[in-house]
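For reference, the chains in residue letters:
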Amino acid sequence: GFERREHFEVALQPQLETATGKISADRAMVRELDMNTVGIVSNIMGQTVALDWHNDTVDELLAKFSSVNSSVERTGGFTSMERHTLFQVVARNNSLFIDMVGKLGIKDRSDTAWHLSQYEELHEGMRKEFDLDERFLNVEFKLNLIQQNAKFFLEVLHAQKSNTLEWVIIV
């Protein structure tokens, strides 16, 4: 892929009446720069970068899954390689879901913003500016699409295996 670069500035504005002023795509105005402010800004920036990576990875999974779909549509069955790819896609899909919710804490509220209300505006403003919730929902939709389609294919594979075993028992 290509290298992505972005610039984000935290501008000190000591005359602000509240702890946080205007937040835009490239700047957050704050009254003072302390560890809580740095923590919130770095957490949101980390989440937005990680969400971009997860979205790109999910798009790659969709492309793999689309390839398996096309092949099954043409041939009416799975090759052993396609079965292997399907299982890899399912496992990767599950891992991405767990990473986004568990490790990145995309749906979690900042402890700092929770305990210190003066940081709530900065936290929520940055989440909104970087569209974290909407972008998460888009990735979640793609992951659910893969999961639902994979479930169908896995049920088909299970039925085929059951039929094979029934024939083995009969013969």
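Above this text sits the structure in question.
Below, the structure is looked at part by part. (Residues numbered from 1 in each chain as written. Predicted model: local features only at pLDDT ≥ 70, side-chain atom pairs only at ≥ 80, totals over all residues. Heavy atoms only, no water.)

1. Concerning the overall build of the protein chain
Right, so step 1: On a plain count of helices and strands, the protein chain comes out with five helices and three strands.
Right, so step 2: Across the protein chain, helices and strands are ordered from the amino to the carboxyl terminus as β-β-β-α-α-α-α-α.
Right, so step 3: Relative to the compact-globule value of 16 Å for 171 residues, the protein chain shows a C-alpha radius of gyration of 23 Å, a clear excess of over 25%.
Right, so step 4: In terms of principal-axis extent, the alpha carbons of the protein chain reach across some 85 × 35 × 20 Å.
Right, so step 5: Sorting the 171 residues of the protein chain into buried and exposed places 35% on the buried side.
Right, so step 6: Long-range pairs, those at least 24 residues apart, make up 67% of the contacts in the protein chain with a sequence separation of at least 6. (Helix = DSSP H or I, 4+ residues; strand = E, 2+ residues; numbered from the N terminus. Rg over C-alpha atoms; globule rule 2.2 N^0.38 Å. Buried < 20%, exposed > 50% of the residue type's maximum accessible area, 1.4 Å probe, protein only. Contact = heavy atoms within 4.5 Å.)

2. Some thoughts on helix α1 (residues 35–75)
For an α-helix, the turn length of 3.6 residues means that residues three or four places apart are oriented alike.
Right, so step 1: For α1, built from 41 residues, the straight-helix expectation of 60 Å at 1.5 Å per residue is met to within 8% by its first-to-last C-alpha distance of 59 Å.
Right, so step 2: Taken from the residues just after α1, Gly76 is the one with a positive phi, measuring 85°. (Expected span 1.5 Å × (residues − 1).)

3. Focus: the pairing of strand β2 (residues 20–23)
Right, so step 1: Sheet analysis places β2 next to strand β3 (residues 27–30), joined by two bridges and oriented antiparallel. Opposite Ile23, over in β3, you have Ala28 as the bridge partner.
Right, so step 2: Where β2 hands over to β3, the hairpin turn is made up of three residues, counted between the paired strands. (Pairing = 2+ DSSP bridges.)

4. Structural notes on the nonpolar core
Nonpolar side chains in soluble globular proteins generally cluster together in the buried interior.
Right, so step 1: Among the nonpolar cores identified, the biggest contains 33 residues, and Phe65, Phe78, Leu86, Leu122, Met126 and Leu143 are the most heavily contacted of them.
Right, so step 2: Residues within four places of Leu86 in sequence aside, it is in contact with Phe65, Phe78, Ala150, Phe153, Leu154 and Leu157. (Core = buried A, V, L, I, M, F, W, Y, C linked by side-chain atoms within 4.5 Å.)

5. Some points on the environment of Ile23
Right, so step 1: In this structure, Ile23 sits in strand β2.
Right, so step 2: Residue Ile23 is classed as buried on the basis of its relative accessible area of 15%.
Right, so step 3: On a C-alpha basis, the gap between Ile23 and Asp133 in space is 17 Å, while along the polypeptide they are 110 residues apart.
Right, so step 4: In contact with Ile23, not counting residues within four places along its chain, are Ala28, Glu121, Leu122, Gly125, Met126 and Glu129.

6. Quick word on the layout of surface pockets
Empty space left among the atoms is revealed by rolling a probe the size of a water molecule over them.
Right, so step 1: In this structure, the largest pocket encloses a volume near 250 Å³.
Right, so step 2: Ranked by residue count, the leading element in the lining of the largest pocket is α1, at four residues.
Right, so step 3: For the lining of the largest pocket, a count of residues per class yields four nonpolar, two polar and five charged. (1 Å grid on protein atoms, 1.4 Å probe; cavity = no way out; pocket = protein on both sides within 12 Å on 5 of 7 lines; lining within 4 Å. Points joined across faces, edges and corners; volume = space filled by probe spheres on them. Nonpolar A, V, L, I, M, F, W, Y, C, P; charged D, E, K, R; others polar.)

7. Digging into a nonpolar patch on the surface
Right, so step 1: Where nonpolar side chains cluster on the molecular surface, the patch consists of Val10, Leu12, Leu33 and Val38 and spans about 310 Å² of accessible area.
Right, so step 2: Residue placement: Val38 occurs in helix α1.
Right, so step 3: Assessed through its relative accessible area of 37%, Val38 is described here as partly exposed. (Patch = residues over 30% accessible without salt bridge, like charges linked within 9 Å, V, L, I, M, F, W, Y side chains within 5 Å. Areas by Shrake-Rupley, 256 points an atom, 1.4 Å probe, with all protein chains shown as cover. Salt bridge = Lys/Arg side-chain N within 4 Å of Asp/Glu carboxyl O.)

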